[in-house]
Amino acid sequence: MGEAADKGRPDVVVIGAGVSGLTTAVCLAEAGLAVRVDTERWPADTTSAAAGAAWDPFMVEPQDRVREWSAVSLAEFTALAGRTEATGVRLLSGTHQSRLPRRAPDWAESVGARPCAPGDLRPGYVTGWRYRAPVIDMPRYLGYLVRRLSDARGRLRQRRYGSPAEALAEAPAVVNCSGSGARELVPDPAMTPVRGQIVVVENPGITEFFCDDTPDAEELVYVYPQGDTLVLGGTAESGEGSLLPDPSAAAAILSRCAAVLPSLAAAGVVGGRVGLRPVRPEVRLEAEETRLGRLLHNYGHGGAGVTVSWGCAREVVRLLLGTAPVTP
């Protein structure tokens with residue numbers, strides 16, 4: 001795919017090639033529409049490529065709709081995990097643990113979470129939940145979505161838009177999946193970028209994920225195995241828009257994670273990634289009729305873009321085609 005292959009007027013233009021944009025484009029293309037993804041950044045350079053990532057409804061509202069979208073995505077990721085390693089999706093066991101007493105999160109039942117046995121709890125943690133969930137190698141997974149889009153005759157090109165109206169000159173329908181870019185594109189002042197940084201290290205033999213789920217914790221602590229490497233996180237800096245890695249933040253991430261899992265203290269650093277979570281008071285997923293054509297919005301997924309991606313994409317299909325969500 002690429003600009004050279006961009007021939008003819010598409011039925012739909014999707015703005016953005018992160019996980020929301022690519023998943024939406026795949027669902028629309030597999031529903032039989034001619035789809036083109038126009039993106040300022042290639043998939044490997046998007047915020048999605050910098051994500052951890054695991055199925056986890058984090059930093060996203062409204063909860064009732066998030067619950068439905070997350071359930072759809074959970075089923076899809078579970079199916080993908082059983083197909084081939086090329087998807088980058090695996091089902092892993094692990095724990096969420098809290099340093100303070102708390103009730104199980106709302107999503108715990110959907111993944112069959114059960115209370116941690118005392119031996120599961122790391123020092124300083126008083127409660128937690130053990131469960132099995134999808135863990136996603138995002139660079140690999142985004143590549144899988146690009147290939148799946150190509151197989152459905154979808155196209156991808158690099159193009160920056162100054163407004164949705166510019167995109168509507170290209171197709172009768174546009175889906176805005178611009179993430180944090182929606183703040184300027186729409187424009188939407190309710191959008192707030194929340195900077196996230198992760199560190200990738202050599203895996204000393206850890207096979208389970210770990211996530212600190214302490215209420216109102218000032219710092220994020222999570223560890224996601226990715227085969228020979230581990231993704232360690234993280235940060236959540238509201239309003240910070242820099243995409244440059246911060247060495248001091250990386251050192252702090254390593255220190256926090258090693259305090260929970262001491263074997264990480266000697267792990268060699270492979271690299272790091274930075275992205276801007278598109279945080280909004282609520283996800284914006286709706287359709288509007290304009291004088292230029294049909295405009296749909298699918299952005300503001302906060303820290304749960306992966307977790308709600310398939311559910312939101314299927315809802316876009318329903319809104320655009322007036323049908324039940326399409327199953328691949």
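First things first, this report covers the structure right here in the doc. (Residues numbered from 1 in each chain as written. Predicted model: local features only at pLDDT ≥ 70, side-chain atom pairs only at ≥ 80, totals over all residues. Heavy atoms only, no water.)

**Section: the sheet that holds strand β7 (residues 173–176)**
Strand order in the open sheet formed by 6 strands is β6-β2-β1-β7-β15-β14, and the pairing between neighbours is mixed. Two strands in the sheet have a free side with no partner beyond their single neighbour: β6 (155–158) and β14 (284–289). In this sheet, neighbouring strand axes are inclined to one another by 20° on average, regardless of whether the strands run parallel or antiparallel. Where strand β1 (residues 12–15) meets strand β2 (residues 35–39), 4 bridges bridge the pair, whose relative direction is parallel. Pairing of Ile15 across the sheet is with Asp38, part of β2. (Pairing = 2+ DSSP bridges. Helix = DSSP H or I, 4+ residues; strand = E, 2+ residues; numbered from the N terminus. Axes fitted to C-alpha atoms, helices over the stretch in contact; angles between N-to-C directions.)

**With respect to the pairing of strand β3 (residues 89–98)**
In terms of residue burial, β3 counts as a mostly covered element, since 7 of its 10 residues are buried. Relative to strand β5 (residues 127–136), β3 is paired through 10 bridges, and the arrangement is antiparallel. Bridge pairing links Leu92 to Ala133 in β5. Note that β3 and strand β9 (residues 209–212) share 4 bridges and pair parallel. (Buried < 20%, exposed > 50% of the residue type's maximum accessible area, 1.4 Å probe, protein only.)

**So, the pattern of salt bridges**
Tallying each qualifying case throughout the model produces 21 salt bridges. Taking the shortest distance from any N to any O, the salt bridge between Arg148 and Glu76 comes out at 3.6 Å. With Arg148 in helix α3 (residues 138–151) and Glu76 in helix α2 (residues 63–81), this pair connects stretches of sequence that are 72 residues apart. Across the pair, exposure class does not vary: Arg148 and Glu76 are buried alike. Between Glu289 and Arg294 there is a salt bridge, with its nearest N and O atoms 2.5 Å apart. The exposure class assigned to Arg294 is partly exposed, which follows from its relative accessible area of 23%. (Salt bridge = Lys/Arg side-chain N within 4 Å of Asp/Glu carboxyl O.)

**Points about the side chain of Arg195**
Assignment of secondary structure puts Arg195 in strand β8 (residues 192–202). On the basis of relative accessible area, Arg195 is assigned to the buried category, the value being 3%. Here Gln197 takes part through its side chain, which lies 3.3 Å from a polar atom of the side chain of Arg195. From its side chain, Arg195 meets the backbone oxygen of Ser242 in a polar contact 2.7 Å long. Arg195 has contacts with Thr235, Ala236, Glu237, Glu240, Ser242, Leu244, Pro245, Asp246, Val274, Gly275, Leu276 and Arg277, leaving out every residue within four places of it along the chain. (Polar contact = N/O pair within 3.5 Å; in protein donor to acceptor, adjacent residues only side chain to side chain. Contact = heavy atoms within 4.5 Å.)

**Considering the pairing of strand β15 (residues 294–299)**
Burial of β15 is extensive: 5 of the 6 residues sit out of reach of the surface. Bridging between β14 and β15 involves 6 bridges; their strand directions are antiparallel. Within β15, the residue paired with Glu286 across the bridge is His297. Here β14 folds back onto β15, and the loop between the two strands holds 4 residues, one of which, Gly293, carries a positive phi near 150°.

**Considerations on unusual backbone geometry**
Here the amide bond leading from Gly52 into Ala53 is cis, since omega sits at 0°, within 30 degrees of zero. Along the chain, Ala53 turns up in the loop between β2 and α2. Cis geometry is found at the peptide bond from Val186 to Pro187, where omega equals -5°. Here Pro187 lies in the loop between α5 (182–185) and β8. Positive phi, normally seen in glycine, also occurs at Met59, with a value near 55°. If you trace the backbone, Met59 turns up in the loop between β2 and α2. Of note in the backbone geometry, Asp216 takes a positive phi value of approximately 60° without being a glycine.

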